[in-house]
Number of protein chains: 2
Amino acid sequence: MTESKWVYSFGGGAAEGKSAMRNLLGGKGANLAEMSSLGLPVPPGFTITTEFCAYFASHDSNYPASLRAELEAALTKVEDIMGLKFGDASNPLLVSVRSGARASMPGMMDTVLNLGLNDETVKGLANASGDERFAYDSYRRFIQMYGDVVLGVEHYHFEDILADHKDDNGLAFDTDLEAKDWKAIVNRYSDKVESELGKPFPQDPNDQLWGAISAVFRSWMNNRASIYRKLHDIPESWGTAVNIQSMVFGNMGDSSATGVCFTRNPSTGENAFYGEYLVNAQGEDVVAGIRTPQPLTIAEKEFNQTDLPSMEENMPILYKELCDVRDKLENHYKDMQDMEFTVQDGKLWMLQTRNGKRTGKAALKIAVEMSNDGLISREEAVKRIEPGALDQLLHPTLDPDADRQIFGKGLPASPGAACGKVAFSAQDAESMVAKGEKVILVRIETSPEDIGGMHAAEGILTTRGGMTSHAAVVARGMGRPCVAGAGQMNVDYKARTLSGSGVIIHGGDIITIDGSKGEVLLGKVRTIQPELTGDFGVLMSWVDEIRLLKVRANAETPEDAKTAVKFGAEGIGLSRTEHMFFDPERIIHMREMILAGDEKGRRQALDKLLPYQRDDFVNLFTIMKGLPVTIRLLDPPLHEFLPTKDDEIAEVAEAAGIDATTVRARTAALHESNPMLGLRGCRLGIVHPEIYEMQCRAIFEASARVSKDSGQTVVPEVMIPLIGSKQEYDILHNMVQRIASEVSEEAAISLEYLTGTMIELPRACLLADKIAENAEFFSFGTNDLTQTTYGLSRDDSGSFLEHYQDQGIFEYDPFVSIDHEGVGELIEIAIERGRKVRSDIKLGICGEHGGDPASVIFCHQMGLDYVSCSPYRVPIAKLAAAQAALKDEQFIDA
Amino acid sequence: MTESKWVYSFGGGAAEGKSAMRNLLGGKGANLAEMSSLGLPVPPGFTITTEFCAYFASHDSNYPASLRAELEAALTKVEDIMGLKFGDASNPLLVSVRSGARASMPGMMDTVLNLGLNDETVKGLANASGDERFAYDSYRRFIQMYGDVVLGVEHYHFEDILADHKDDNGLAFDTDLEAKDWKAIVNRYSDKVESELGKPFPQDPNDQLWGAISAVFRSWMNNRASIYRKLHDIPESWGTAVNIQSMVFGNMGDSSATGVCFTRNPSTGENAFYGEYLVNAQGEDVVAGIRTPQPLTIAEKEFNQTDLPSMEENMPILYKELCDVRDKLENHYKDMQDMEFTVQDGKLWMLQTRNGKRTGKAALKIAVEMSNDGLISREEAVKRIEPGALDQLLHPTLDPDADRQIFGKGLPASPGAACGKVAFSAQDAESMVAKGEKVILVRIETSPEDIGGMHAAEGILTTRGGMTSHAAVVARGMGRPCVAGAGQMNVDYKARTLSGSGVIIHGGDIITIDGSKGEVLLGKVRTIQPELTGDFGVLMSWVDEIRLLKVRANAETPEDAKTAVKFGAEGIGLSRTEHMFFDPERIIHMREMILAGDEKGRRQALDKLLPYQRDDFVNLFTIMKGLPVTIRLLDPPLHEFLPTKDDEIAEVAEAAGIDATTVRARTAALHESNPMLGLRGCRLGIVHPEIYEMQCRAIFEASARVSKDSGQTVVPEVMIPLIGSKQEYDILHNMVQRIASEVSEEAAISLEYLTGTMIELPRACLLADKIAENAEFFSFGTNDLTQTTYGLSRDDSGSFLEHYQDQGIFEYDPFVSIDHEGVGELIEIAIERGRKVRSDIKLGICGEHGGDPASVIFCHQMGLDYVSCSPYRVPIAKLAAAQAALKDEQFIDA
């Protein structure tokens, strides 16, 4: 470490770094270096590395000895390129100090702009720019920002002074303030800092610089950055880099501007230049959403039906220059870029480029089009789509034919439709969601503090800010629908109302938002299923060519089965037969069965259930057209089927011809301390074989019928749950075979089927070789396997899961993503032992992990034959499977 | 198999078999052969091997071709020795057909006696014996037995005929019946068989013989034999042998007799000849307990205060001959023998010898005395004691000073005292026990059908039968106290009463029995602790020299700790701190803590608990005098400490100064679906660190104080429960160290302690290497590890455990004896991984398996350092550990 190079310079058409050095320089620093090398107009600067971040943290916020010299050398280089001197009283070099981590964390860490201004240099800046108002405005912005970020003088102190000054002088807008106003405010800001801290605002630009560097590095560990990292699986050890760059000003009059643009539309993926800019403004004004920005292009202007002049009209030459930058960067990076630029007095400066965040829909369109255009390969296109991002494409959107009562309109900031109760604070949103409610978070504008609430909400609505406002960017990243900048609406936090068009919505009222159109609607609006053709269909066809893992769906109703087929499921991996018993006309027989005093009574009730159950399977087999269907025999404890409320008990008692006391007594007798570990799964089949016998009969009678009717062989896979020993399995395996041969004889048809088990207990994993002697397939029930391996109830872990994630005990919720170390090793053991005895044993998983991309990759690595997940997640699982296969190729290539 | 020898002859001072061929010939057959070879007077016969049993079962009850010839040759040899012919009408050879398995299974299988009698040979027997009455009595016994066992004509048919005949002829006792009566009865028996079966009673002795052989072999699979095997872990595959032996008669008048004797007293172990006999009786009369037998020796006669003449007085020459046999057999077998003999017309015949069943107390005395006498080695003495048999020595006996209201007296058939509610049938006993009640089973006499009820009962009382009656033998085997043959009492099954001395006891009333003295007492009588000196102390000193595994006790109260020390525990392996919070003056603070709304409130309540908890540990450390003490931090879910009844809730609410609704709400909030898998164990320590902090402070303050006061270093072992990951462990490990160093500084003393964890989750086993990086010891919590590995709740498995044992899914209850395949493998993995990282990691188990001999052997094999069990089971665990060590030596020797 003593030989480390801590500082990398860029600017003037050259750079010490490059984009491949992202881990060391952070995304922003690496790309500034790359842009410099490409000859793009980048304000010169230098990057302090992420390695320094670790040094700083582990050395009690001290600097390594060599840093000062390196930094001074780099600063001199900047001064040389700009022809300015840092701290020069006549025409000072000003710099920005910004964080820049390996992964983008928008707005999570701190930034200081206009650094280098003091009571002397401000005069130099006024002289050099010929704009005293600009100079003092810059200085007050600097004091405010530095005061807040570095010195810890809270924001509101400065806001109050500014507001007081306006009130005292009858001024309404910032633009009304003149140089003398800003001078006065600078003085009052300086006094406030001194009175708060007991010492004056630092005047030495070098002190300012070191203070800002420390503060920005420290902000890596602040609370909102930690939360963001947790939400996005960014390791703390990565650290951030810090970029010190010469300031350029978009607020030096009408020939100056600042903007943010995307090489393609980040919302739709359309191959059209897209962005926003503000004349005479600093970049923060665009990003923070304080002023509603202007469209970049004429096309956008028309699309958004605004009168604000576009850059294309307003600054045609600079716009043309920017278009060239766009082409150069996209061709260079071969991905959609998100750029920041500033125009200072007629000259274009590029402040940042990075791969742009985009909606799932846009990601899909961009990847498919870039591949079709030969810019990237099909494999690369498949790799480009975050599987989780498909989620937003696979969920319902508003039915265009549904009645809509439009209440207001904003920007279509993140696509998809959502519906929920209005919450006016992140905290409210979180606590309502904790109670099981669906929520739309409604804010004037959002800030990084709102992240938790945004994550909890179904959708987000803001009345201020543009397409690149905090709310819009974060919502797209999270896949939440968002309508931003709905300016004709009014939020009153105190009264907890949202008003507009003469209607008042209160907290808790239901609204619907359409993030694709920017519409806000009253009440709940009907939704429709997404289209799965077009770009989606193309990508999925590539995915299907690449992946090795098959993907099935968990489904039991005809509706679910149809959805599964539509989403491309290659069979049903888990059909939970217990879900078939809750229909009112069935549950009564189910209860009759449970309440029967003896086997004879149970068999009578089961005889009544048989035709229903058989019809269920006839439906499933017919819909699945010969694809494999795995049917799990009854799994939950019987008391789940019994009523608990008095009126229901009375009803059941009457129907069963017994008294309520008996029903209550039987329910009490079935009560268990730990039902998860009680009389359920195959234990029911051992104790009451007649239940499983009925189910097997229904399966085989249905398969015989559908095979005869369709002429296509139906091959059901009969799955016995919760097996813990070979003996258990063999007893029930023999039962399945016995019933199959009975039905085969009765129906005079030879039946094809597999018999296997769910592997969901640690003991089953360890004894997999014994169980595999007769079991023809294993389906890992990772929900229960996680519960038993961890000794952790999914239903009960909510009370401490957060503590566990906060303290870093769980990196992720093990019920969402498979725990590789514990559960994963058991799965590995089971696979190895199972295959040793039966080399062609069919292996799959059917826990909810089947739809989690990280878990799908794990399943691919384990060499499973298939995963099974909810129908809506089938394409996600397929994409993750394809990416896992591509990862293997990478290793083979290497 | 085609070359198998199926038949082994014995008799006439020679034999083809020997006692070492027990597996092939069964215990009875092997010992009959051995006795023959020793020159003892054994009626000649032959044994059909246990291999035949397997052949017979797997060949659909067919015989191998070579059997007939072998059997005929063997029968001829018997005829030659006896000088009689089988089926000879003038003086027929009669034979018995008896089962004889590798392990003794008294009364579980069938027997046929007097075989070879028919309408012709009975006349020959009458002539030859000169006793027509005897001949026809023998014939009717044969028809009755053969009818029942071979032909399936139930017993009561014959009983009815006999009773009718007596009534019709005004006869009271069997002895009142004369030859003509038995003749008439033989005719009626024969008619009954014919009318029941539609064909006559078989007259051909060869048909009789083959029928009996098949029936006896088949009886290996009967229901009571299966139950017995399950209770005694005897594999079905062993099979039984069948012995065909020439009959000798103890019922040929007053110069004939039959008896059962033991070379030493099977109840006390005293080195005194001991037995019972009956003049003019067949062996079954003694064993079945139908007639109350006479003592063998004068000493016994005096001890039992009976007037019945002893054999020593009555048949002094034969008695002397029997004493010689006793000496010869005990010196030959080097173990206490249980022999059966018959005197036929003044000649002694030995019918059986085997190692005698004995009480734990007797086993101990015999082993120690035989070793002291040089008959066996100390190691052999240690091997001789079944660890489970010690149990009866370690439990309380009646306090001799307690008030006793003696209600009746019987024979001291199995030692120990027991107290419970009277049940008059095995079924009643079982269902009362299932409800959690303690039961004394009261029967006129017991039969093999009663085994389940005897097992369930605390003790057994019979009003008929002797020391070798079914009740007595089985009770001793099971370690249940038993008073047998309490003849002055009267049982009325219909009225459900036990009466005597003018008192009437009803079903459900409480009585106490003293199996060591044969007393029956009214109500519940105070008990005292057993003496642990004498033979017990001698044996345990040998055990301590041999064993390698250390044995600790699970204890938290001073009483338990003192008991642990008394029983020789080498430390405390599990001190469950939650048991310390239920005292009325503590529970209130515990509840205050749980009901507190915030950490501050919790800390206030915990501060009040600290002094109590500290005192607990001061006590424990003082009692344990420097032995290691493992303290488990709080483990159960908090709701276990909260009240559920309305009045208690009101009380708590008042004490805590809140309203009942709040208490109820908090209780409801703490409710969990599966508390076993919920917020408990170390999860409490993560979520509410203040609880564990208080406990650690109490531990270390106590250890500091006791170390100072006693001058002896106290080394507590702090155990963190329910660890599932390294992160969890490390956070809490650091907490323990922090508190220790705080206390160390405050008390100005350096503290020694270990920090470790309970390994009780499958994930902890798999991640043992990671956890061992900081953990200094592992204690396997095999209760919870069994629950999670099997996904099986101990509290809820009762509803199906029986089904699982009946269907052979569980060979034994996995909560009683460690499951080697599943749980065992996880333990093995954890040991291997833990030792890889920390070679000197201390390893033990503290689940209830720690006191189960089979599990102790497993722990020894796994190389654990110690087991911990309930104080009463410490000697059992020590003995099992010594036997495990001896087993190793055997392998080394071999």
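Read on for a plain summary of the structure. (Residues numbered from 1 in each chain as written. Chains lettered and ligands numbered in written order. Predicted model: local features only at pLDDT ≥ 70, side-chain atom pairs only at ≥ 80, totals over all residues. Heavy atoms only, no water.)

**Quick notes on the packing of helix 14 (residues 360-372) of chain A against helix 19 (residues 534-546) of chain A**
Residue and element names in this part refer to chain A. Just so we agree on the cut-off: The axes used here are C-alpha line fits, helices contributing only the stretch in contact, and every angle between their N-to-C directions lies in the interval 0 to 180 degrees. The helix and strand labels rest on DSSP assignments: H or I over at least four residues marks a helix, E over at least two residues marks a strand, and numbering proceeds from the N terminus. Note that the term roughly parallel is reserved for angles under 35 degrees, roughly antiparallel for angles over 145, roughly perpendicular for angles of 65 to 115, and oblique for everything else. Definitions for this section: a left-handed crossing has its near helix turned counterclockwise from the far helix by less than a right angle. A right-handed crossing has that turn clockwise. Note on contacts: a residue pair is in contact if any heavy atoms of the two residues lie within 4.5 Å. Classes in brief: Ala, Val, Leu, Ile, Met, Phe, Trp, Tyr, Cys and Pro nonpolar; Asp, Glu, Lys and Arg charged; the others, Gly included, polar.
Packing of helix 14 against helix 19 leaves a shortest axis separation of 9 Å and a crossing angle of 65°. Comparing the axis directions of helix 14 and helix 19 gives the class roughly perpendicular. The two elements helix 14 and helix 19 cross, and the hand of that crossing is left-handed. On helix 19, the residues that touch L364, K365, V368, S371 and N372 of helix 14 are D535, F536, V538, L539 and W542. Across the contact of helix 14 with helix 19, the residue classes tally to six nonpolar, two polar and two charged.

**Some points on the packing of aromatic side chains**
All names here are of chain A. Basically, it comes down to this: Ring pairs shown here join Phe, Tyr and Trp side chains whose ring centres sit within 6.5 Å, with only the six-membered ring taken for Trp; geometry is labelled stacked below 30 degrees between planes, edge-to-face above 60, and tilted in between. Exposure classes here rest on a 1.4 Å probe applied to the protein chains alone. A residue is buried below 20% of its type maximum, exposed above 50%, and partly exposed in between. Only when the NZ atom of a Lys or the CZ atom of an Arg is both within 6 Å of the ring centre and within 35 degrees of the ring normal do we say a charge sits over the ring.
All chains considered together, the criterion is met by 44 aromatic pairs over all chains. Ring plane angle 65° and centroid distance 4.8 Å describe the contact between F700 and Y753, whose orientation is recorded as edge-to-face. In this pair, F700 is assigned in helix 26 (residues 689-710) and Y753 in the loop between helix 27 (726-747) and strand 31 (754-759), connecting sequence segments 53 residues apart. For F700, a relative accessible area of 0% corresponds to the buried category. One aromatic cluster is present, formed by W6, F52, Y55, F56, Y63, W210 and F217 through successive ring pairs. One Lys or Arg, R552, reaches over the ring of Y866 and ends 3.9 Å from the middle of that ring.

**What to know about the interface of chain B and chain A**
How large an interface is tends to be reported as the accessible area lost when its parts come together. So the rule is basically this: What gets called buried area is simply the loss in accessible area from a 1.4 Å probe that two parts show on being joined, summed for both. Salt bridges, as used here, are contacts in which a Lys or Arg side-chain nitrogen is within 4 Å of a carboxyl oxygen on Asp or Glu. Contacts described as polar in this section are N or O atom pairs within 3.5 Å, which, within protein, must combine one atom able to donate a hydrogen with one able to accept it, while residues neighboring in sequence count only if both atoms come from side chains.
The interface of chain B with chain A comprises 44 residues on the first partner and 44 residues on the second. The largest contributions to the chain B side of the interface with chain A come from N674, L677 and R763 of chain B, which together make up 16% of the buried area. For the pair chain B and chain A, the interface holds eight salt bridges. Where chain B packs against chain A, one counts 26 residue pairs in polar contact (both at pLDDT 80 or more). In terms of residue class, the side of chain B that touches chain A is built from 18 nonpolar, 15 polar and eleven charged.

**Considerations on the relation of the copies chain B and chain A**
As a reminder of what qualifies: Copy-to-copy alignment: least squares on C-alpha atoms, limited to residues at pLDDT 70 or above in both.
Here chain B sits on chain A after a turn of 180° about the axis and a move of 0.3 Å along it, with an RMSD of 0.2 Å. Overall, the copies show the geometry of a two-fold rotation axis. When the interface residues of chain B are mapped onto chain A, 100% of them again lie at the interface, so the same face is used by both copies.

**Brief notes about the sheet that holds strand 12 (residues 337-344) of chain A**
Residue and element names in this part refer to chain A. The criterion, for reference: Pairing between two strands requires that DSSP report at least two bridges joining them.
The strand order across the open sheet built from five strands is 11-10-9-12-13, with neighbouring strands paired in antiparallel fashion. A single partner strand is all that each edge strand has here, and the edge strands are strand 11 (294-295) and strand 13 (347-355). For strand 9 (residues 257-262) and strand 10 (residues 274-279), the ladder comprises six bridges, and the chain directions are antiparallel. Residue G259 lies in a different strand from strand 10, and its bridge partner there is Y277. On top of the sheet, helix 13 (residues 316-333) reaches strand 9, strand 12 and strand 13; it is set at about 30° to strand 13, its chief contact.

**Describing the packing of helix 23 (residues 646-656) of chain A against helix 24 (residues 660-670) of chain A**
Residues and elements named next belong to chain A. Viewed as axis vectors pointing N to C, helix 23 and helix 24 meet at an angle of 110°, and their least axial separation amounts to 8 Å. With respect to their mutual orientation, helix 23 and helix 24 come out roughly perpendicular. Counting all contacts with helix 23, which are made through D646, I649 and A653, the residues of helix 24 involved are A660, V663 and R664. For the contact of helix 23 with helix 24, the residue count by class is four nonpolar, no polar and two charged.

Note that every value here comes from positions in space, so none of it alone points to a role or purpose.
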